[in-house]
Amino acid sequence: MGKVKKMIVDKTAYRANDIRGIADTQLSDDFCTLAGLAYVELLRKHRGKEPQELRVVVGKDVRNSSPRLKTVFADALISRGVHVIDIAPVEKVSSTPLMYFATWLFNADGGVEVTGSHLDKEWNGFKPCVGTESATEDQIREMLQTAKQLEEGFKPHVSSVKGELEVVDLLPDYHAMIVANVVLRERWEELALDALAGKSSLRAALAIAEQELEKLPAAKRAPLTGLRIVYDAGNGTTGVIAPQLFRDLGAEVFELYSEPDGNFPNHLPDPTIPRFLDDLHAEVARKDAHIGLASDCDGDRAGAISPTGKMIIGEQILALLCKHVLKEHHHAKIVYDTKCSDAIREIIIENEGVPVEWKTGFSFIKSKMEELNAVAGGEMSGHVYFAKNNRADDAVFAFSELLLLTAKESETKSDVKVVDVLLEDFLKRYVNTPEIRIPVVSDEEKGRVCDAVEDYYRELAASNPVLYKRRTDERGNDIDGVKIEFVKENGWALVRHSNTSPVIILRMEARHEEGLRKIEEHVLSKFAEFKTVDLNADDYVRAIMERVP
């Protein structure tokens, strides 16, 4: 028998929004080379250019595997003649929003951030853009198909065609953009939207903003004066970006774990997990701060802690900002993902905006915002988007908007707990679970179990519409997974599979605690029928299972 050829391309690493896997096993050098070559073919098709005409931004996060992945991927691009703009050379790191910003600033044909996002340190991957837009699910699928084709007869080779490698320091320009947005407000939005519409360049917009900022008195250029902030970067990428920026805008900033470190010695940088915010909570209390801020590793997810220790997740950040966004943009559309509380929908309607519920995932939200010309968007998980920032999910940009709101509210309220006051309107409306992530033994089994549970609830709603209603889009299709309204319990449950890992995502909500408890028990009892799911991995789920008869 002939020797079985080892598979290079692991298709499970190609996910809905990006490429992700265990760096040391799934993401070999050959895997990264093939991903890079497949990306060149994707850009060739969608940008209508030959490889030697392409300009691509490449950055990397703090993970120990990131330098290897970035080097191999960039070398694959260069081997085809692509001009690579490196925004994170050698020991430097970049956030994913910095990569997005660079594609806009340099009018690049694409951009790729090497990152494992909020996942554990052994994970890594690639977040690609086509032009300045995040790659869609279909485009990721195209990359996979191309990589599989290239794998046939693949031999690493030295090419005679060589693209150039250009190293740039992007921080000053990014810094200038955030300052312009915070200080100049409507004027910067006008300049930014002109640049996005192709009426000028972002570089030209920044130059005009700089001239106008110089004419302002110093006090106007420091609108965050008086704010005390604790910033926890979790040893991720934003520690080198955010603290100095907020200081320059006038705030007093206390830093936690700003030094990039791929071992994550203090806690994993994921602001959606309560225990990872314990140090931030303690420091906010110690410093009597107005707010504590935390981002994920690559800086596209935002989270916060209020002065009384309340965890402020993405949907609450969006809710706080909605009223102010809608004051500046009357009757505007705001897109939010299906995991979000119905409080978001109510707040948008009450402030005369148009709520749009859509699929979870940055490429889905961005596409929907573009389709509807929405002014802002957000996800429960901490991604917040603004049209004026090219719809980039950017924690530092979202924080700058939140801090400006906090500073303005503090002018009329002397209490340091102004953020808690602002939160009350959201928190009084519903009780809900956190995002529940139920591990499943494999991606394949995740699909089987999730499909079975989703089908069960579809059939339940069809056969008993008085008690259960399926929430769908205007065409009658499920938005993302299955979302069932429990009529008697005055709430809902969402069941969907993760786009990024072998887990099933649940969230449940109701007007009152009793209704929520009944919904939780109903849903988790169904999952208990499957032996391949782990209902002991999560403290919240364990507590529910202890109540189930």
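About the thresholds
- Residues numbered from 1 in each chain as written.
- Predicted model: local features only at pLDDT ≥ 70, side-chain atom pairs only at ≥ 80, totals over all residues.
- Heavy atoms only, no water.
- Core = buried A, V, L, I, M, F, W, Y, C linked by side-chain atoms within 4.5 Å.
- Buried < 20%, exposed > 50% of the residue type's maximum accessible area, 1.4 Å probe, protein only.
- Helix = DSSP H or I, 4+ residues; strand = E, 2+ residues; numbered from the N terminus.
- Arc of directions from axis to C-beta.
- Contact = heavy atoms within 4.5 Å.
- Axes fitted to C-alpha atoms, helices over the stretch in contact; angles between N-to-C directions.
- Parallel < 35°, antiparallel > 145°, perpendicular 65-115°, else oblique.
- Left-handed = near helix turned anticlockwise from the far one by under 90°.
- Nonpolar A, V, L, I, M, F, W, Y, C, P; charged D, E, K, R; others polar.
- Expected span 1.5 Å × (residues − 1).
- Salt bridge = Lys/Arg side-chain N within 4 Å of Asp/Glu carboxyl O.
- Pairing = 2+ DSSP bridges.
- Lys, Arg positive; Asp, Glu negative; His and termini not counted.
- Polar contact = N/O pair within 3.5 Å; in protein donor to acceptor, adjacent residues only side chain to side chain.

Chemist: Can you tell me about the nonpolar core, naming the residues and giving the values?
Modeler: Judged by nonpolar contacts, the single largest core of 98 residues is most densely connected at Trp188, Phe246 and Leu293. Take this core: its biggest share by element is 10 residues, from helix α13 (residues 395-412).

Chemist: An account of helix α9 (residues 278-287) is needed here, citing residue identities and associated values.
Modeler: Within α9, the full set of buried residues consists of Leu280, Glu283 and Val284. Buried residues of α9, seen end-on, are gathered within an arc of 105 degrees and therefore sit on one face of the element. Exposed residues lying more than 90 degrees from the buried face of α9 are Ala285 and Arg286. Tucked inside the fold, the buried residues of α9 contact β8 (228-232), β9 (252-256), β10 (291-295) and β11 (302-305). A positive phi of about 50 degrees marks Asp288, the residue just after α9.

Chemist: Before we move on, can you summarise the packing of helix α15 (residues 443-463) against helix α16 (residues 513-527) with the specific residues and values?
Modeler: For the pair α15 and α16, the least separation of the axes is 10 Å and the interaxial angle reads 135 degrees. Accordingly, the angle class assigned to the pair α15 and α16 is oblique. Like other packed secondary-structure pairs, α15 and α16 cross with a definite hand, here right-handed. On α16, the residues touching Val449, Val453, Tyr456, Tyr457 and Leu460 of α15 are His522, Val523, Lys526 and Phe527. When grouped by side-chain class, the residues that make up the contact of α15 with α16 number 7 nonpolar, 1 polar and 1 charged.

Chemist: Let's hear about helix α7 (residues 202-214): which residues, and what values?
Modeler: The end-to-end C-alpha separation of α7 is 18 Å, in line with the 18 Å expected for 13 residues at 1.5 Å each. Along α7, the residues classified as buried are Leu202, Ala205, Leu206, Ala209 and Leu213. Viewed end-on, α7 has its buried residues packed into an arc of 95 degrees, placing them on one side of the element. Pointing more than 90 degrees away from the buried face of α7 are the exposed residues Gln211 and Glu214. Against the buried residues of α7 lie α3 (96-105), α5 (171-184) and α6 (186-196).

Chemist: Which residues make up the packing of α16 against helix α17 (residues 539-547), and what values do they have?
Modeler: With their axes 10 Å apart at the nearest point, α16 and α17 run at an angle of 90 degrees to one another. The pairing of α16 with α17 is recorded here as roughly perpendicular in orientation. The segment α16 lies against α17, with Leu516, Arg517, Glu520, Glu521 and Leu524 engaging Tyr540, Val541, Ile544, Met545 and Arg547.

Chemist: I'd like a description of the pattern of salt bridges, backed by residues and values.
Modeler: Under the defined criterion, the tally for this structure stands at 58 salt bridges. Here Asp300 makes a salt bridge to Lys127, at a shortest N to O gap of 2.4 Å. Residue Asp300 is found in the loop between β10 and β11, and its partner Lys127 is found in strand β5 (residues 123-130); the two are separated by 173 residues along the sequence. In this pair, the class of Asp300 matches that of Lys127, namely buried. The shortest N-O distance in the salt bridge between Arg511 and Glu346 comes to 2.8 Å. One end of the pair, Arg511, is in the loop between β22 (503-510) and α16; the other, Glu346, is in helix α11 (residues 342-350), with 165 residues separating them in the sequence. For Arg511, a relative accessible area of 31% puts it in the partly exposed group.

Chemist: Which residues make up the environment of Asp138, and what values go with them?
Modeler: By the secondary structure assignment, Asp138 is in helix α4 (residues 137-151). On the basis of relative accessibility, which here comes to 48%, the residue Asp138 falls in the partly exposed class. The spacing of Asp138 and Ile87 is 51 residues in sequence and 27 Å in space, taken between C-alpha atoms.

Chemist: Tell me about the environment of Asn490, residues and numbers included.
Modeler: With respect to the helices, strands and loops of the structure, Asn490 is situated in the loop between β20 (482-486) and β21 (491-497). Using a relative accessible area of 46% as the deciding quantity, one classes Asn490 as partly exposed. The spatial distance from the C-alpha of Asn490 to the C-alpha of Val182 is 40 Å, given a sequence separation of 308 residues. Apart from the residues lying within four places of it in its own chain, the contact partners of Asn490 are Ala510 and Arg511.

Chemist: Tell me about the sheet that holds β8, and please be specific about residues and values.
Modeler: Pairing is mixed across the open sheet formed by 5 strands, whose spatial order is β9-β8-β10-β11-β12. Across the chains shown, the open sheet's two edge strands, defined by having one partner strand only, are β9 and β12 (311-312). Strands in contact with α9 are β8, β9, β10 and β11; relative to β8, the strand with the most contacts, it is inclined by about 160 degrees.

Chemist: Break down the pairing of β11 for me, with residues and values.
Modeler: Residues Ala302 and Ala304 point to one face of β11 and Gly303 and Ile305 to the other, with burial holding for every one of them. Note that β10 and β11 share 4 bridges and pair antiparallel. Bridged to Ala294 within β11 is Gly303. Counting the residues that bridge the hairpin from β10 to β11 gives 6 residues, and of these Gly299 lies at a positive phi of roughly 80 degrees. For β11 and β12, the ladder comprises 2 bridges, and the chain directions are antiparallel. Within β12, the residue paired with Ala304 across the bridge is Ile312. Remark: 5 residues form the turn of the hairpin made by β11 and β12, two consecutive strands paired antiparallel; Gly309 in that turn has positive phi of roughly 90 degrees.

Chemist: Break down the side chain of Arg301 for me, citing the residues and quoting the values.
Modeler: Relative to the helices and strands, Arg301 resides in the loop between β10 and β11. For the buried Arg301, no salt bridge exists, and the shortest N-O distance to an oppositely charged side chain is 4.1 Å, to Asp296. A polar side-chain atom of Arg301 sits 3.4 Å from a polar atom in the side chain of His118. Among residues more than four places away in sequence, those in contact with Arg301 are His118, Asp270, Pro271, Thr272, Ala294, Ser295, Asp296, Ser381, Gly382, His383 and Ala395.

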